[in-house]
Amino acid sequence: MTWFLIVVLTVVVMLALLSVLVLAALIGDDAESERARIEMEVRRAERRLHDVASNSFQAMLDAARAEDRR
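In this convention, every chain numbers its residues from 1, walking through the sequence in written order. Only residues with pLDDT of at least 70 get local features here, since the model is predicted, and only at 80 or more are side-chain atom pairs given and counted; chain-wide, interface and lining totals rely on the full set of residues. To obtain the side-chain values, all non-hydrogen atoms of the structure were used and water was disregarded.

Trainee: Before we go on, may I ask you to explain the overall build of the protein in this structure?
Mentor: Where helices and strands are cited, they refer to DSSP runs of H or I of at least four residues and of E of at least two residues respectively, numbered from the N terminus. Summing up its helical and strand segments, the protein has 1 helix and 0 strands in all. Using C-alpha atoms as the atom set, the radius of gyration is obtained and then compared with a globule rule of 2.2 Å times the number of residues to the power 0.38. Compactness check: the protein gives a C-alpha radius of gyration of 30 Å against a globular reference of 11 Å for 70 residues, more than 25% above the reference. Per-residue burial for the protein yields a buried fraction of 0% across its 70 residues. Approximately 6,700 Å² of the protein is accessible, and the part contributed by carbon and sulfur atoms is 68%. Under this rule, positive means Lys or Arg and negative means Asp or Glu; His and the chain ends count for nothing. Each charge is placed at NZ for Lys, CZ for Arg, CG for Asp and CD for Glu. Positive and negative side-chain charges in the protein, numbering 9 and 11 respectively, have mean positions lying 7 Å apart. Think of it in three bands: with a 1.4 Å probe and only protein chains considered, a residue is buried below 20% of the maximum accessible area for its type, exposed above 50%, and partly exposed in between. Shrake-Rupley sampling with a 1.4 Å probe provides the accessible areas, and residues are treated as covered by the protein chains on show and by no other component.

Trainee: Hey, could you run me through a nonpolar patch on the surface in this one?
Mentor: A cluster of nonpolar side chains, contributed by Val7, Val11, Leu15, Leu18, Val22, Leu23 and Leu26, occupies part of the molecular surface with about 640 Å² of accessible area. When its relative accessible area of 53% is taken as the criterion, Leu15 is described as exposed. The patch calculation keeps residues exceeding 30% relative accessible area without a salt bridge and links them within 9 Å when they carry like charges or within 5 Å when they are nonpolar (Val, Leu, Ile, Met, Phe, Trp, Tyr). Salt bridge criterion: a side-chain nitrogen from Lys or Arg within 4 Å of a carboxyl oxygen from Asp or Glu.

Trainee: How do you make sense of the pattern of salt bridges when you look at a structure like this?
Mentor: Charged atoms that come close allow side chains of opposite charge to pair. Taken as a whole and assessed by the stated rule, the structure comprises 4 salt bridges. Glu34 serves as the salt-bridge partner of Arg37, at 2.5 Å between the closest nitrogen and oxygen. Highlighted residues: Arg37 and Glu34, both in helix H1 (residues 2–69), separated by 3 residues, approximately one helical turn. Classification of Arg37 as partly exposed rests on a relative accessible area of 35%. Taking the shortest distance from any N to any O, the salt bridge between Asp51 and Arg47 comes out at 3.7 Å. With Asp51 and Arg47 both in helix H1 and 4 residues apart, this pair spans about one turn of that helix.

Structure follows, in structure tokens:
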């Protein structure tokens, strides 16, 4: 009977450790996907900022050239 309890407790402990490892892996994947999403949003924002700056600079050049022609 003692051996049976030892085996049952060992199996329960192994299953508990396995479930903790699986949950840790799932949480790790969520964190990695969150980092990837944030990185993608940062790149998109940087691209929009670059486009705005480029368009503003082009508008300033056009305005300066229009004044020179007068």
